[in-house]
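Listed here are the chains, written in short residue letters.
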Amino acid sequence: MTDDPKTLVSTEWLAAHLSDPDLRILDASWYLPDMNRDARAEYDAGHIPGARFFDIDEISDTQSALPHMAPPSEKFMSRMRAMGVGDGHQVVVYDGAGIFSAARVWWLFRLMGKTDIAVLDGGLKKWKAEGRPLEDMAPILRDRHMTAQRQANLVKDVTQVAAAVKLRDWQIVDARGPARFRGEEPEPRAGLRAGHIPGALNVHYATLLNSDGTIKKGDALRAAFTDQGVDLERRIITSCGSGVTAAILSLGLEILGHRDHALYDGSWAEWGQFDQLKVETG
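Rules used throughout
- In every chain, residue numbers begin from 1 and rise along the written sequence.
- In keeping with the model being predicted, local features are shown solely for residues with a pLDDT of at least 70 and side-chain atom pairs are shown and tallied solely at 80 or more, while totals for entire chains, interfaces and linings include all residues.
- Calculation of side-chain values draws on the structure's entire complement of heavy atoms; hydrogens and water are dropped beforehand.
- Numbering of helices and strands starts at the N terminus; helices are DSSP runs of H or I of at least 4 residues and strands are runs of E of at least 2.
- We call a residue buried when its accessible area falls under 20% of the maximum for its residue type, exposed when it is over 50%, and partly exposed in between, using a 1.4 Å probe and counting protein chains only.
- By the criterion applied in these results, polar contacts are pairs of N or O atoms within 3.5 Å in which, for protein atoms, one can donate a hydrogen and the other can accept it, and in which residues neighboring in sequence qualify only through two side-chain atoms.
- Here, residues are in contact when the closest pair of their heavy atoms is within 4.5 Å.
- Of the two site types, the cavity is a set of points on a 1 Å grid over the protein atoms alone where a 1.4 Å probe fits but cannot get out, and the pocket is an open set with protein on both sides within 12 Å along at least five of seven lines, each lined by residues with an atom within 4 Å of a point.
- Grid points are joined across faces, edges and corners, and a volume is the space filled by probe spheres set on the points.
- For this scheme, ten residues count as nonpolar: Ala, Val, Leu, Ile, Met, Phe, Trp, Tyr, Cys and Pro. Four count as charged, namely Asp, Glu, Lys and Arg, and the remainder, Gly too, count as polar.
- Following DSSP output, two strands are said to pair if at least two bridges run between them.
- To define axes, lines are fitted to C-alpha atoms, for helices over the stretch in contact only, and angles between the resulting N-to-C directions are given on a 0 to 180 degree scale.

Asker: Sorry if this is basic, but what is going on with the environment of S64 here?
Answerer: Summarising the element assignment, S64 is placed in the loop between β3 (52–53) and α3 (73–82). Among the residues examined, S64 registers a relative accessible area of 23% and is labelled partly exposed. Sequence-wise, S64 and G266 are 202 residues apart; in three dimensions their C-alpha atoms are separated by 10.0 Å. Looking at S64, its side chain comes within polar contact range of the main-chain nitrogen of L66, at 3.0 Å.

Structure below.
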């Protein structure tokens, strides 16, 4: 694999750069309630040396009723400054599942105009399997100036997605599991209808990953999309349950050189609750 500090780096790359003064590592582990895992407790027990904990639920728009929506730029900047992450840093983000929630933070940095960020391929799982070092001490944080410039083209709201459904000028690609997409199993969040956005295609995020939690490469990655009917020449809106795994699709598209994609931040947590928005099943 070729390491790309703007999308994806290997555990070998990170190990070689661990002591770089301008490297910042983020543990962005986050789990669904049914996974029965405590991301913060796991971080405290052991993390990649120097890693800071990035709390996806806290570094979000807490004024919104929807889960972990992208925060205002000012909040993002102040949280990053306090964590000692700022301009001129190369950021590597990982999670404890392999590649699950780390891609969401990669997308969030890009939304804020920061492109020097990569996801750790295979995450903490692979790092541990290779017997690489861990520590349980929190890093010493020094304030670092951070500027952010929101890239509005990378995110879509419910009105824009509804317009895309009507005009069919974007493909909507849903990262949820096939049974949830078809409306055959209930949503993990209470009060949501079952099914998917009309006309959406289903590319389950897990089909982009290998068994060791690394992301597929080349033709195998391309096939994960095209086998489900996605036209990689057209614009794409990624979606999922609450905007976390949709970012895995966004990362995959970016790796494939597809630049014209945006993420539906509200995702099914938003679309599934409004009766006036049409839903398809099957």
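Asker: I keep staring at the side chain of H47 and nothing clicks. Help me out?
Answerer: One can find H47 in the loop between α2 (39–45) and β3. Using a relative accessible area of 0% as the deciding quantity, one classes H47 as buried. When sequence neighbours within four positions are dropped, the list of residues in contact with H47 reads D27, Y94, L134, E135, D136 and M137.

Asker: I'm lost on empty space enclosed by the protein in this one. Help?
Answerer: Leftover empty space is mapped by rolling, across the atoms, a probe with the size of a water molecule. In total, this model carries 1 cavity of 30 Å³ or more according to the counting rule given. Approximately 40 Å³ is the volume found for the largest cavity. Around the largest cavity sit F54, I56, I59, S60, H68, M69, A70, P71, R104 and L108, which together line it. Residue composition of the lining of the largest cavity, grouped by class: 7 nonpolar, 2 polar and 1 charged.

Asker: When you look at the sheet that holds β3 in this model, what are you seeing that I'm missing?
Answerer: As a general point, the strands of a sheet are linked pairwise by backbone hydrogen bonds and lie either parallel or antiparallel. Reading across from one edge, β1-β5-β4-β2-β3 is the order of the 5 strands in this open sheet, with parallel pairing throughout. Both edges of this open sheet fall to β1 (8–9) and β3, since each of them pairs with a single strand only. Where strand β2 (residues 23–27) lies against β3, 2 bridges are found, and the strand directions are parallel. Directly across from D27, in β3, lies its bridge partner F53. Contacting β2, β4 (90–94) and β5 (117–120), helix α4 (residues 102–111) runs over the sheet at an angle of about 175° to β5.

Asker: It is not clear to me how the environment of W30 should be interpreted in this structure. Could you clarify?
Answerer: Considering the arrangement of structural elements, one finds W30 in the loop between β2 and α2. Classification of W30 by relative accessible area gives buried; the value is 10%. The contacts of W30, once residues within four sequence positions are left out, are A39, I56, D57, H68, F100, S101, S242 and V244.

Asker: Would you mind going over the layout of surface pockets with me for this structure?
Answerer: Of the volumes computed, that of the largest pocket is approximately 310 Å³. If you trace the largest pocket, you find 21 residues lining it, with L32, R176, R180, Y205 and T245 closest to the centre. What lines the second largest pocket is a set of 14 residues, and nearest its centre among them are L23, R24, G50, R52 and P139. Considering each element in turn, the lining of the second largest pocket owes the most residues, 3 residues, to β2. Broken down by class, the residue content of the lining of the second largest pocket amounts to 7 nonpolar, 3 polar and 4 charged.

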